[in-house]
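Results of the structural survey
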Amino acid sequence: MATTAGDRQAKDALFDGFASVARALSSGRRAEIVELLAQGERSVDEVAGEIGQSVANTSHHLRTLARAGLLTSRREGTHVHYRLASDAVLELWWAMREVAVAQVDDLDDLARSYLGDRADVATIDRAELLARLDRGEVVVVDVRPPAEYAAGHIVGAIHVPPEQLDLIDELLGDQPTDREVVAYCRGPYCVYADEAVRRLQRHGRRAARLDEGLPEWRRAGGPVAV
């Protein structure tokens with residue numbers, strides 16, 4: 001059956017509506033905001049500080065994401081706080097990231113430029129970490145900023161915020177040295193966990209990075225304390 005001009009316009013409008021979500025995520029800063037808010041609600045000022053942008057630019061990015069239905073907001077006094085609209089937004093971000101890893105030719109080079117050569121950074125997956133936690137074989141360290149740790153962390157995780165990573169060996173000094181330290185962060189491309197592992201290794205401690213972040217752990221049903 002032939003498509004009428006009216007049908008064509010309606011179909012164009014429908015698919016433009018679908019694409020509005022992709023347009024909202026077409027900025028790297030907005031993708032970074034989604035990963036940040038996956039850790040928990042943050043104010044505009046806090047988001048601006050984390051992504052290295054002015055409050056004005058950050059507000060624009062946040063409003064763009066909110067207009068596309070990806071974020072919700074609430075006002076507390078003079079501050080506006082944003083959070084992800086649903087778990088589906090987080091799953092969309094993960095799907096985008098996986099497709100980019102598989103299809104973007106230079107993504108490995110981009111990751112290496114940011115994270116360094118990860119050949120010296122051992123990793124551990126969720127299943128192995130759960131098993132070793134049950135056996136009391138590891139010390140788990142959360143190296144995210146304080147607000148993110150407070151919003152939820154792996155049960156039993158010790159908090160070492162990013163600004164104290166240079167002291168991590170001293171801060172863990174009372175932990176059994178025969179236990180491997182497992183550091184985790186926001187996700188697989190978060191630099192803090194890599195830095196923690198490298199610093200501990202330089203001090204002769206066995207250390208590894210969880211191959212995912214707290215959001216993936218939580219979504220899979222891993223034990224989380226608040």
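Residues numbered from 1 in each chain as written. Predicted model: local features only at pLDDT ≥ 70, side-chain atom pairs only at ≥ 80, totals over all residues. Heavy atoms only, no water.

1. Here's the deal with the packing of aromatic side chains
- Under the defined criterion, the tally for this structure stands at one aromatic pair.
- Ring centres of F15 and F18 lie 5.3 Å apart, and the angle between their planes is 85°; this geometry places the pair in the edge-to-face category. Of this pair, F15 and F18 both sit in helix α1 (residues 5-24), separated by three residues, roughly a single helical turn.
- A relative accessible area of 53% means that F18 is categorised as exposed. (Phe/Tyr/Trp six-rings, centres within 6.5 Å; stacked < 30°, edge-to-face > 60°. Helix = DSSP H or I, 4+ residues; strand = E, 2+ residues; numbered from the N terminus. Buried < 20%, exposed > 50% of the residue type's maximum accessible area, 1.4 Å probe, protein only.)

2. Focus: empty space enclosed by the protein
- Enumeration according to the criterion identifies one cavity of 30 Å³ or more in this entry.
- For the largest cavity, the full set of lining residues is E35, A38, Q39, L90, W93, W94, R97, R186, G187, P215 and E216.
- When residues of the lining of the largest cavity are assigned to their parent elements, the largest contribution, four residues, is made by helix α5 (residues 87-103).
- Per-class residue counts for the lining of the largest cavity are five nonpolar, two polar and four charged. (1 Å grid on protein atoms, 1.4 Å probe; cavity = no way out; pocket = protein on both sides within 12 Å on 5 of 7 lines; lining within 4 Å. Points joined across faces, edges and corners; volume = space filled by probe spheres on them. Nonpolar A, V, L, I, M, F, W, Y, C, P; charged D, E, K, R; others polar.)

3. Things to note about the packing of helix α3 (residues 44-51) against helix α4 (residues 55-67)
- Viewed as axis vectors pointing N to C, α3 and α4 meet at an angle of 105°, and their least axial separation amounts to 9 Å. It follows that α3 is roughly perpendicular to α4 by the angle criterion. Across the interface between the two elements, V44, D45, V47, A48 and I51 of α3 pack against V55, T58, S59 and L62 of α4.
- Split into classes, the residues belonging to the contact of α3 with α4 amount to six nonpolar, two polar and one charged. (Axes fitted to C-alpha atoms, helices over the stretch in contact; angles between N-to-C directions. Parallel < 35°, antiparallel > 145°, perpendicular 65-115°, else oblique. Contact = heavy atoms within 4.5 Å.)

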